[in-house]
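# Architecture at a glance
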Amino acid sequence: MSASITVFLLAIPMSLGLAVAMGAPLGAALLSAGLGGIVAGLLGGSPLLVSGPSAGLTVVTAGMIHQYGWRTTCAITIGAGLLQIALGSLKAARSALAVSPAIVHGTLAGIGVAIALAQLHVVLGGSPQSSALDNVLALPEQLTRVGFAEPLIGALALAVLIGWPRIPGRVGQLLRRVPAALACVVVATAVAAVAAPGIARVDLPSWSAHVLPEVPRGPVLGLITAVLTMTLVASLESLLSAVAVDKLAAERRGSGEEQGSPRACSPRTPRADLDRELRAQGVTNALSGILGGLAVSGGAVRSSANVRAGATSRASTVLHGVWVLVAAGLLVSALEWIPLAALAALVMMVGIQMVSYAHIRNVHKHREFLVYVATVASVILFGVLQGVLIGGAVAVAVALRRLARTRVSVEERDGVHRVRARGQLTFLAVPRLSRVLHQVPQHADCVVELDGFFMDHAAYEALHDWQTSHIAHGGKAEFTGPAGGRIAEPASGASGAAHACCRPWTPWRNHHCGEQLAAEQPAPGLATAGQPTAGRPTTVPPDPDAEPPAPIVMAPLLRATGNSLRLAEGLSSFQRNTAPLVRDELARLAREGQRPSQLFLTCADSRLVTSMITSSGPGDLFTVRNVGNLVPLPGTEGGDDSVAAAIEYAIDVLHVESITVCGHSGCGAMQALLQSPDEEADGTGGAPNSAPPSPLRRWLRHGMPSLERMRSRHHSWARISGRLPADAVEQLCLTNVVQQLDHLRAHEAVARRLAEGKLELHGMYFHVGEAQAYLLADGNTAGDGSGSGPVGGEEVFNRVAPTVRAEVNA
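Bear in mind that the values here come from a model prediction, so they are computed numbers and not experimental data. Residue positions within a chain follow its written sequence, with the count starting from 1. Under the rules for a predicted model, residues below a pLDDT of 70 receive no local features and side-chain atom pairs below 80 are neither given nor counted, while totals for whole chains, interfaces and linings still include all residues. Side-chain metrics in this entry use all non-hydrogen atoms of the structure; hydrogen atoms and water are not considered.

This part is about the pairing of strand β7 (residues 598-603). Counting buried positions over the six residues of β7 gives five, a clear majority of the element. Of the strand pairs in this sheet, β7 and strand β8 (residues 621-626) are connected by six bridges, and their pairing is parallel. Each residue of the ladder has a partner; that of Thr-602, found in β8, is Arg-625. By this definition, two strands are paired if DSSP reports at least two bridges between them. Secondary structure is summarised from DSSP: a helix means a run of H or I of at least four residues, a strand means a run of E of at least two, and numbering begins at the N terminus for each. Pairing of β7 with strand β9 (residues 658-664), which is carried by five bridges, proceeds in the parallel orientation. The residue bridging Leu-601 from the neighbouring strand is Val-661, located in β9. A 1.4 Å probe rolled over the protein chains alone gives each residue an accessible area, and that area as a share of the maximum for its type sets the label: buried under 20%, exposed over 50%, partly exposed in between.

Turning our eyes to something else, we now look at the environment of Ile-613. Tracing the chain through its elements places Ile-613 in helix α24 (residues 610-613). For Ile-613, a relative accessible area of 21% translates into the label partly exposed. Contacts are residue-level and defined by heavy atoms, with any inter-residue pair within 4.5 Å sufficient. Setting aside its immediate chain neighbours within four residues, Ile-613 contacts Leu-608, Met-764 and Phe-766.

A pair of Phe, Tyr and Trp rings is counted when the ring centres sit within 6.5 Å of each other, with Trp represented by its six-membered ring. The angle between the planes then sorts it: under 30 degrees is stacked, over 60 is edge-to-face, the rest tilted. Counting across every chain of the model gives three aromatic pairs. Their ring planes at 20° and their centres at 6.3 Å tell us that Phe-369 and Tyr-372 sit as a pair that is stacked. Taken together, the positions of Phe-369 and Tyr-372, both in helix α18 (residues 369-382) and three residues apart, correspond to about one turn of that helix. Taking relative accessible area as the criterion, Tyr-372 reaches 5% and is therefore assigned buried. Where Tyr-765 meets Tyr-774, the ring centres are 6.2 Å apart and the plane angle is 40°; that geometry is what we call tilted.

This part covers the sheet that holds strand β5 (residues 445-451). Strand order in this open sheet of four strands is β3-β4-β5-β6, and the pairing throughout is mixed. Pairing within the sheet leaves two strands with one partner each, and these edge strands are β3 (407-413) and β6 (476-480). Neighbour-to-neighbour, the strand axes of this sheet turn through a mean angle of 20°, independent of strand direction. The pairing of β5 with β6 spans five bridges and is classified as parallel. Among the inter-strand pairings, Glu-449 is bridged to a residue of β6, identified as Thr-480. Angles shown run from 0 to 180 degrees and are taken between the N-to-C directions of axes, each axis being a line fitted to C-alpha atoms and, for helices, limited to the stretch in contact. Here helix α20 (residues 430-437) sits on the sheet and contacts β3, β4 (416-422) and β5; the angle it forms with β3, its principal contact strand, is near 10°. Its contacts with the sheet put helix α21 (residues 457-472) on β5 and β6, and the angle it makes with β6 is roughly 145°.

Tracing the sequence through the fold places Asn-285 in helix α12 (residues 274-290). Among the residues examined, Asn-285 registers a relative accessible area of 2% and is labelled buried. Sequence-distant contacts of Asn-285, defined by excluding residues within four places in its chain, comprise Thr-77, Ile-78, Gly-81, Gln-84, Ala-295 and Val-296.

Bringing a nonpolar patch on the surface into the picture now. Judged by side-chain polarity, Leu-133, Leu-137, Leu-381, Phe-382 and Ile-390 come together as a nonpolar surface patch covering roughly 490 Å² of accessible area. Those elements giving two or more residues to the nonpolar patch turn out to be α7 (132-144) and α18. Mapped onto the elements, Leu-133 comes out in helix α7. Only residues whose relative accessible area exceeds 30% and that take part in no salt bridge are eligible for patches, with like-charged residues grouped when within 9 Å of each other and nonpolar side chains (Val, Leu, Ile, Met, Phe, Trp, Tyr) grouped when within 5 Å. Residue exposure ignores everything except the shown protein chains as possible cover, and the areas themselves are Shrake-Rupley values with a 1.4 Å probe. Note on definitions: salt bridges are taken to be side-chain nitrogens of Lys or Arg within 4 Å of carboxyl oxygens of Asp or Glu.

In this analysis, the expected span of each helix is defined as 1.5 Å times one less than the number of residues it contains. For helix α10 (residues 180-195), with 16 residues, the first-to-last C-alpha span of 22 Å sits near the 22 Å given by 1.5 Å per residue. Against α1 (2-22), α8 (149-163) and α16 (340-353) lie the buried residues of α10.

All chains considered together, the criterion is met by 14 salt bridges. Across the salt bridge formed by Glu-585 and Arg-588, the nearest N and O atoms sit 2.6 Å from each other. Of this pair, Glu-585 and Arg-588 both sit in helix α23 (residues 556-592), three residues apart, roughly one helical turn. Glu-585 gets classed as partly exposed once you look at its relative accessible area, which sits at 33%. In this structure Arg-588 comes out as partly exposed when scored by relative accessible area, which is 29%. For Arg-752, the salt bridge goes to Glu-748, with nearest N and O atoms at 2.9 Å. Here Arg-752 pairs with Glu-748, and both are found in helix α31 (residues 748-755), just four residues apart, close to one helical turn. Of the residues examined, Arg-752 reaches a relative accessible area of 29% and is grouped as partly exposed. Each member of the salt-bridge network shares a partner with another, and the members are Glu-411, Arg-413, Arg-418, Arg-420, Arg-422 and Glu-449.

Attention shifts here to the sheet that holds strand β10 (residues 719-720). Pairing is mixed in the open sheet, where seven strands are placed in the order β8-β7-β9-β11-β12-β13-β10. Since the sheet does not close on itself, it has two edges, and those belong to β8 and β10, each with one partner. Sitting on the sheet, helix α30 (residues 728-745) touches β9, β10, β11 (760-767), β12 (772-776) and β13 (796-799), and the angle it makes with β11 is about 165°.

Before going further, it helps to examine the environment of Leu-633. The topology assignment puts Leu-633 in the loop between β8 and α25 (641-652). Under the relative-accessibility criterion, Leu-633 is labelled partly exposed at 34%. Each C-alpha atom of the pair Leu-633 and Asp-742 lies 9.1 Å from the other, and the pair is 109 residues apart in sequence. Once you skip the residues sitting within four places of it in the chain, Leu-633 turns out to touch His-743 and Ala-746.

Our next topic: the state of the cysteines. We call a pair of cysteine sulfur atoms a disulfide whenever their separation is within 2.5 Å. Enumeration according to the criterion identifies zero disulfides in this entry. Cys-603 provides the cysteine sulfur closest to Cys-667, a residue in no disulfide bond, and the two sulfurs are 4.1 Å apart. Judged by relative accessible area, which is 2%, Cys-667 ranks as buried.

Closest axis-to-axis distance for the helix α26 (residues 668-675)/α30 pair is 9 Å, and the angle between their directions is 110°. It follows that α26 is roughly perpendicular to α30 by the angle criterion. Handedness of the crossing formed by α26 with α30: right-handed. Two secondary-structure elements touch here, α26 through Met-670, Gln-671, Leu-673 and Leu-674 and α30 through Ala-728, Val-729, Leu-732, Cys-733 and Asn-736. Classification used: nonpolar for Ala, Val, Leu, Ile, Met, Phe, Trp, Tyr, Cys and Pro, charged for Asp, Glu, Lys and Arg, polar for all others including Gly. Among the residues making up the contact of α26 with α30, the classes are represented as seven nonpolar, two polar and no charged. An angle counts as roughly parallel when it lies under 35 degrees, as roughly antiparallel when it exceeds 145, as roughly perpendicular when it falls between 65 and 115, and as oblique in every other case. What makes a crossing left-handed is the near helix being turned counterclockwise from the far one by less than a right angle; a clockwise turn instead makes it right-handed.

Next up, the structure:
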């Protein structure tokens, strides 16, 4: 009851104002508002949707009345209603949602601009022209003959309309229960009765003079176009409003607004049946046209007021229609006191609000702003139907490059409904996607698997609205990628540790999740942890607490060819998924050459992905990788010139601005240094008759200065953000970074650029298990090339924290 009264108080001034804007009989507006509430309310598929004369039909109906007259317009309304019944019977309602939101919002915005321009003339004391363009051209002349009473009453109505919801305090909370539209009309009427008794007011003729439809007169093609235009606008507005009402009802239930009230125990509002709603709108329009009323559609303004007032069933919608018809019969004398300028100001504000900044921001974010602008301009210049057609053509042109075949299927397994969407999700796929999603029972658990690279605004809204509604009705909804992992959520727990592939940060797809960790199974003749091979020592000591290894389940042929297959699959995946995204950038780099800003010297460990931890791409880093991230001192006997050559090339040819030495946790080279005898590590080979040192042992001798530095009493231990290293291996990893920086300063090219102030040195440590980076404090990377060590004797690696920018992007 309370909700119906709230909607009734809003519907009366809105209906009268829209009738004035259309140039239609005011009694016809009240009749259609009553029929919209009663007939559409009883038959509709969306119980909380309130129908009546709507702003979306204002320009359409006004044009028809101007061209064909009122009685033929009623006949056109009958034709539009019959067409809606046919479309609803053919279950075409969800196909209507294939229209891009940019076109729909652009159409409504264009209609809103046209309404505002027309009603501005009424507020200024004049009469609107037949088109938006004519209203713009006639505005200068209208300003030269502005009256006194109408602009003041219109300005007062606008001020009340804008300020009413913003009245503060308890008084404002009490007053805000009255709709702002009713308040602005009442205040303007009261002031006009005292200050401007001669102002133009509402004229409600008696019902005996009510005009009924006639046989349509005019060109057949023009009449068909008029019926199609009215059907299109009325159907789209009704269906979109029904979807919006579903969302509002779900948000109200989800937010707990009804908790603690009698409505909290009421049954959940069922999901809208759009085909039934379309048929109900057709029946209402046909009946309204027969009785001499306006065309109706489901309106978002009245429907949202109905939901927010606490309506839970179609009873409030039906009762509101009853109150409107009672008022039309009993309150005629009171309604005739309303100034036309107040109603014009009310409708002008409705038109302005139809140009929504939130919609503009959304279509711009989804790269459909061109479609929106084209639709708005076309509706204003050429008309609604022409605007929709032009906007559709632009939308198709924009979508051609990103459009691909989309397959949507649903299956039930173990009580869980799994919806799979293969391909790109655009507005053309929304009907199919929406049809499949609505096959899922309301209380069921559902997993939606998205396998595509593009999703436009329409598809996003369809998925988001369905998820909100499904959860509000007691179901569960989860969105995953093609591998089954939650979108934008990393794996966790034991399962994540055991099978931690297919992370959302990876731009490549070389993880092979379907192989069930086959790569971890030992091949015949290869040593693994705890399983030494005859004649060959085990490199990893066996773990006494470890479980026995799993049995080998793969065929020998697949094991033998697994690595080559993996390489081929990885390359193929790159060509399919990543190459199209980076081809233009790589072509530019191929033309212009490489211009990296820094030399990044790090370990060859496979767990260290430099592009990932530095968020870099092609052309950003000049990377040198070796075992232990070592920098041999220049002039060392048997030294390795490859690192020195890379340093010289980076400085003298590429002109890098910084050099970073990056170590990492669990470095195998540092473990080998700690475990090897000194005579092996320094390259002497031990006893005179011993075998010559291997290449690995000869290389590791370049790390001996780091080991000596760690054991020396003349250097303080490096530490991480105020703590000591966890063990000797981590201590040596940190010390090695500092020592290799000293080795860098000994190179002539580095010393020269440091003296010129054109080069910076940085030390970095990456903890693999924590996925955490640490940077050596700035003072520790400064130096004069003497190799004397860090400034102040302190070597501190500070933790790199997530930045504000990273949080915003996330």
